[in-house]
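Read off the chains here:
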Amino acid sequence: MQVIPTGRVIIVGAGLGALYAALKLAPRPVLMISPEALGQGASSAWAQGGVAAAMDPADSPAAHAHDTLRAGAGTVDAGVADLVTQEARQHILDLTRLGTPFDRKPDGSYVMSREAAHGFARVVRVRGDQAGAEIMRALIATVRETASVQVLEGMMATGLRLCDGRVTGIEVTRADGSRPIAIEGPAVLLAGGGSGGLYAVTTNPPRIRGQVIGMAARAGAVIADAEFVQFHPTAIDCGEDPAPLATEALRGEGAHLVNRLGERFMQAVHPDAELAPRDIVARAVYSQSRAGLRPALDTRACLGERILSEFPAVAGACARAGIDPTRAQIPVAAAAHYHMGGVSVDADGCASLAGLWVCGEASSTGLHGANRLASNGLLEALVYARRAALSIEAASDLPEEAAPLVLPELAPAAVPDPALVARLRRAMTEGAGVVRDADGLSRCLHEIAQVEAAQPDCPALLNMTATATLIAGAALMRRESRGAHCRSDFPETLPQAQRSFLTLTDALALRERLKETI
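Please read these numbers as outputs of a predicted model, since none were measured by experiment. (Residues numbered from 1 in each chain as written. Predicted model: local features only at pLDDT ≥ 70, side-chain atom pairs only at ≥ 80, totals over all residues. Heavy atoms only, no water.)

S.K.: Explain the packing of aromatic side chains to me, using residue names and the numbers behind them.
M.R.: This structure, assessed with the given rule, holds 2 aromatic pairs. Ring geometry for Tyr199 and Phe231: centres 5.5 Å apart, planes at 85°, overall edge-to-face. Within this pair, whereas Tyr199 is found in the loop between strand S11 (188-190) and helix H5 (211-218), its partner Phe231 is found in strand S13 (residues 229-236), the two being separated by 32 residues in sequence. Overall, the relative accessible area of 6% leaves Phe231 in the buried class. Between Arg104 and the ring centre of Tyr110, over which it is positioned, the NZ or CZ distance is 4.2 Å. In this arrangement the basic side chain of Arg372 is found over the ring face of Tyr338, its NZ or CZ atom lying 4.0 Å from the centre. (Phe/Tyr/Trp six-rings, centres within 6.5 Å; stacked < 30°, edge-to-face > 60°. Helix = DSSP H or I, 4+ residues; strand = E, 2+ residues; numbered from the N terminus. Buried < 20%, exposed > 50% of the residue type's maximum accessible area, 1.4 Å probe, protein only. Lys NZ or Arg CZ within 6 Å of the ring centre and 35° of its normal.)

This is how it looks when you write it as structure tokens:
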């Protein structure tokens, strides 16, 4: 394999964490690897709700941390929750300075939404449901103007390079398929998103299928909390793949969940009804769907015509599906949305492999526990992107400047077989979905192994199956129900809350032992 050295810090990804880290590293030379045009295909741009931060004088970081701990069902790292919520305000001010047009009141203060499990309206937003898109637009414009950042578009990382246990670079291919080459640099930061697209019903962009987590796992990195996948309760059930999202802010405005009989089913499930923690609402929606009761979100009374102007992304998705939300209910389903698990990192974003940093949804910091508090995802990406950038600069011998990287012509090569990817996604939805049991998880692991064996020479597919194996394996090992992880055969929550830490070697050994029982 051809190896190309570069003096640039290598950032894999083009979402919020990747862009923010690149700016925090400037003017040090950075190389960003983006499968599509910068910012395209990243979950960050699809985020609707906004960024959680205690901006109101009546609110506080301590109250924000308290809500984070409460939502996380016992496995949130309290120190991490304090760290992140304390830093939240400065990142909102920084994004504002960079040009993000957050909604403001006449006095200049921020307009904020209240979302599920928050005790206060503390989600800073843009035009109702445009926060992710507008934050990304501001960051992309700034990165494009930053001379120290080189972006390789249309390229995808498929593996990590190691020397004596230290990460020294990455292996890349063209996103549409080519033989890999290696790029080496002084540090590698993975910020390439989560794993929701491993499921057949998801709100994630098509490329977000656990590849970055799998890449790190295949290199030997420790993965934490892999079993905790958050299912969003209000994906619009209209047959699109991925499913459009009906932001939680709608429920914060007073929208109700009802079934085809007209019943508000959440009132009997939790005292907070529609604003209960996401895992509770998602299971209720899933249960209604399984019973054939066609759950839906009703925004007519609380928003009426205002939904068209104040929540344009939701209105646009409804229009594509032929739904008029001012006159009709919006059909919804539970969909894989956010992976609380990921590459285990410390307070500076350092992974278990030397030379490797991870931020955003690809990481597991301990902030989200078993159930992420709404709108803490973008916040975590901001906090850890900055902390990782500072750590890289302190730990690495970074040059002041570096020549632009020029790639050679790359020979074509195979991409993941779409039929195998579809088979993998079905297996995850059926066996490792909203409600799980030992038989379903065992069958899921067996099916993942079959998919893997069908195209064993495709690193991009192996990255997906590695992450899928870790999710299903960790879910099988956790013999309780906690937060987003629900086991019908182990419905109780154990008194001792523990995070999970797993390597791919551990998960593959479990999968091998299960062969005899299938």
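There is more to say after this.
S.K.: Explain the sheet that holds strand S3 (residues 30-34) to me, using residue names and the numbers behind them.
M.R.: Strand order in this open sheet of 5 strands is S7-S3-S2-S11-S18, and the pairing throughout is parallel. With partners counted over all chains shown, the strands left at the sheet margins are strand S7 (149-153) and strand S18 (356-358), one partner each. Averaged over all neighbouring strand pairs, the angle between strand axes comes to 20°, with direction disregarded. Alignment of S3 against S7, held across 5 bridges, turns out to be parallel. Bridge pairing links Met32 to Val151 in S7. (Pairing = 2+ DSSP bridges. Axes fitted to C-alpha atoms, helices over the stretch in contact; angles between N-to-C directions.)

S.K.: Hey, could you go over the nonpolar core for me, with residue numbers and the actual values?
M.R.: Grouped together as the largest cluster of nonpolar side chains are 58 residues, with contacts concentrated most on Ile11, Met32 and Leu139. Among the secondary structure elements, those contributing two or more residues to this core are strand S2 (9-12), helix H1 (16-25), S3, helix H3 (78-97), helix H4 (131-144) and helix H10 (376-395). Looking at this core element by element, the count peaks at 10 residues for H10. For Ile11, the contacting residues outside a window of four places in its chain are Ala18, Ala21, Ala22, Leu25, Val30, Leu31, Met32, Ile33 and Leu189. Formed by 39 residues, the second largest nonpolar core is a distinct cluster that contains Val12, Met155, Ala221 and Leu470. (Core = buried A, V, L, I, M, F, W, Y, C linked by side-chain atoms within 4.5 Å. Contact = heavy atoms within 4.5 Å.)

S.K.: Now, about the state of the cysteines: what can you tell me, with residues and values included?
M.R.: Counting across every chain of the model gives 0 disulfides. With no disulfide of its own, Cys238 lies closest to Cys318 among cysteine sulfurs, the gap being 8.1 Å. Cys302 takes part in no disulfide bond, and the closest cysteine sulfur to it belongs to Cys318, at a distance of 13 Å. (Disulfide = S-S within 2.5 Å.)

S.K.: Residue-level account of the side chain of Thr234, with values.
M.R.: By the element assignment, Thr234 lies in strand S13. On the accessibility criterion, Thr234 (0% relative accessible area) is buried. A distance of 2.7 Å separates a polar atom in the side chain of Thr234 from the backbone oxygen of Ala246. With near-sequence residues (within four places) excluded, Thr234 lies in contact with Leu245, Ala246, Arg251, Leu257, Leu297, Val332 and Ala333. (Polar contact = N/O pair within 3.5 Å; in protein donor to acceptor, adjacent residues only side chain to side chain.)

S.K.: Describe the pairing of S3, naming the residues involved and giving the relevant values.
M.R.: Counted residue by residue, S3 has 5 buried out of 5 residues, so it is predominantly covered. As judged from the 4 bridges shared by S2 and S3, these two strands associate in the parallel manner. For Val12, the partnering residue across the bridge sits in S3 and is Ile33. Remark: the S2/H1/S3 crossover connection has right-handed handedness. (Right-handed = clockwise from strand over helix to strand, strands pointing away.)

S.K.: Report on the side chain of Asp279, specifying residues and quantitative values.
M.R.: Along the polypeptide, Asp279 turns up in helix H7 (residues 278-290). Judged by its relative accessible area of 10%, Asp279 falls in the buried class. Engagement of the side chain of Asp279 in a polar contact is seen with the side chain of Arg283, the distance being 2.9 Å. A polar atom in the side chain of Asp279 sits 2.8 Å from the side chain of Asn371. Those residues in contact with Asp279 that sit more than four places away from it in its chain are Asn371, Gly483 and Ala484.

S.K.: Describe helix H12 (residues 438-454), naming the residues involved and giving the relevant values.
M.R.: In a regular helix each residue adds 1.5 Å, so 17 residues correspond to 24 Å; H12 covers 25 Å between its end C-alpha atoms and thus fits that length. Those residues of H12 that fall on the buried side of the exposure criterion are Gly440, Leu441, Ser442, Cys444, Leu445, Ile448, Ala449, Val451 and Glu452. Buried residues in H12 make contact with helix H11 (418-431), helix H13 (459-477) and helix H14 (504-514). Measuring from the backbone nitrogen of Asp439 back to the side-chain oxygen at the start of H12 gives 3.3 Å, which picks out Asp437 as the cap. (Expected span 1.5 Å × (residues − 1).)

S.K.: A description of the sheet that holds strand S16 (residues 330-339) should follow, citing residues and the corresponding values.
M.R.: The strand order across the open sheet built from 4 strands is S13-S16-S15-S14, with neighbouring strands paired in antiparallel fashion. Two strands in the sheet have a free side with no partner beyond their single neighbour: S13 and strand S14 (256-258). Going across the sheet, the axis of each strand differs from the next one's by a mean of 45°, ignoring polarity. By the bridge criterion, 3 bridges tie S14 to strand S15 (residues 296-298) in an arrangement that is antiparallel. Residue pairing in the sheet places Leu257 in a bridge with Leu297 of S15. Contacts from H7 reach S13, S14 and S16, with the element oriented near 55° to S13.

S.K.: Break down the environment of Leu93 for me, with residues and values.
M.R.: With respect to the helices and strands, the residue Leu93 is situated in helix H3. Residue Leu93 is classed as partly exposed on the basis of its relative accessible area, which comes to 40%. Every residue in contact with Leu93, bar those within four places of it in the chain, is listed here: Met55 and Tyr110.

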